[in-house]
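Residue-level listing of the chains:
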Amino acid sequence: QVELVESGGGLVQPGGSLRLSCVVSESIFSRNAIGWYRQNPGKQRGAVAAVTTGGTTNYANSVKGRFTISRDNAKNTVYLQMNNLKPEDTAVYYCNTAPVPTPPFWGQGTQVTVSS
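Given the structure is predicted, the values throughout are model-derived calculations rather than measurements.

Asker: Outline the packing of aromatic side chains, supporting the account with residue identities and numerical values.
Answerer: A ring pair, where both rings are aromatic, is described by two values, the distance of the centres and the angle of the planes. Per the counting criterion, the structure on display carries two aromatic pairs. Ring plane angle 85° and centroid distance 5.3 Å describe the contact between Tyr 37 and Trp 106, whose orientation is recorded as edge-to-face. One end of the pair, Tyr 37, is in strand E4 (residues 33–39); the other, Trp 106, is in the loop between strand E9 (91–98) and strand E10 (110–114), and 69 residues separate them in sequence. Note on Tyr 94 and Trp 106: the rings are 5.7 Å apart at their centroids and 80° apart in plane angle, and the pair reads as edge-to-face. With Tyr 94 in strand E9 and Trp 106 in the loop between E9 and E10, the pair connects residues that are twelve residues apart, well separated along the chain.

Asker: Talk me through the sheet that holds strand E2 (residues 10–12); I want residue IDs and the actual numbers.
Answerer: Strand order in the open sheet formed by six strands is E2-E10-E9-E4-E5-E6, with mixed pairing between adjacent strands. The outermost strands of the open sheet, each flanked by one partner alone, are E2 and strand E6 (57–59). The sheet shows a mean angle of 25° between the axes of neighbouring strands, taken without regard to direction. As defined by bridge partners, E4 adjoins strand E5 (residues 46–51) across five bridges and the pair is classed as antiparallel. Pairing of Tyr 37 across the sheet is with Ala 47, part of E5.

Asker: For the nonpolar core, give the residues involved together with the corresponding values.
Answerer: Trp 36, Val 48, Phe 67, Val 78, Leu 80, Met 82 and Tyr 93 are the most contacted members of the largest nonpolar core, which has 26 residues in total. When contributions to this core are tallied by element, the ones reaching two or more residues are strand E3 (18–24), helix H1 (26–29), E4, E5, strand E7 (67–72), strand E8 (77–82), E9 and E10. With four residues, the top contributor of residues to this core is E3. In contact with Tyr 93, not counting residues within four places along its chain, are Glu 6, Leu 20, Trp 36, Tyr 37, Arg 38, Val 48, Phe 67, Leu 80, Met 82, Gly 109, Thr 110 and Val 112.

Asker: Requested: an account of the pattern of salt bridges, with residues and values cited.
Answerer: One pass over the structure, following the stated rule, counts two salt bridges. Connected via shared salt-bridge partners are Arg 38, Arg 66 and Asp 89.

Asker: Let's hear about the sheet that holds strand E1 (residues 4–7): which residues, and what values?
Answerer: In space, the four strands of this open sheet follow the order E1-E3-E8-E7, with antiparallel pairing throughout. Because the sheet does not close on itself, it has two edges, and the strands there are E1 and E7. Between one strand and the next, the sheet's axes are offset by a mean angle of 15°, whatever the strand orientation. Where E1 and E3 come together, four bridges link them in antiparallel fashion. The partner of Glu 6 across the bridge, within E3, is Cys 22.

Rules behind the numbers
Residues numbered from 1 in each chain as written. Predicted model: local features only at pLDDT ≥ 70, side-chain atom pairs only at ≥ 80, totals over all residues. Heavy atoms only, no water. Phe/Tyr/Trp six-rings, centres within 6.5 Å; stacked < 30°, edge-to-face > 60°. Helix = DSSP H or I, 4+ residues; strand = E, 2+ residues; numbered from the N terminus. Pairing = 2+ DSSP bridges. Axes fitted to C-alpha atoms, helices over the stretch in contact; angles between N-to-C directions. Core = buried A, V, L, I, M, F, W, Y, C linked by side-chain atoms within 4.5 Å. Buried < 20%, exposed > 50% of the residue type's maximum accessible area, 1.4 Å probe, protein only. Contact = heavy atoms within 4.5 Å. Salt bridge = Lys/Arg side-chain N within 4 Å of Asp/Glu carboxyl O.

Below you can see the structure in the form of structure tokens.
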């Protein structure tokens, strides 16, 4: 069964940190770049960061210098370390293949709320 499962979201104050995790089925993990995406109600889902199978990373301009994406090949897991969080980072965060997400792989996501 192919799946990607997100976790790690929560409520954090501005300036705080969170680490999101995405556990990926091995058949997908070993062959694909994996990305993190986010969506607010009424807005389109957008790319946040991605990491290739070789470890090359890229980031949306809005998160550069604050977010770090990484992958643990032993655990089939992709992480998103989010530091210096801002209210505008509030969204539901999803993981999927990158740079083009695979529609059937969208999961429930994990809610991140940045608020004082």
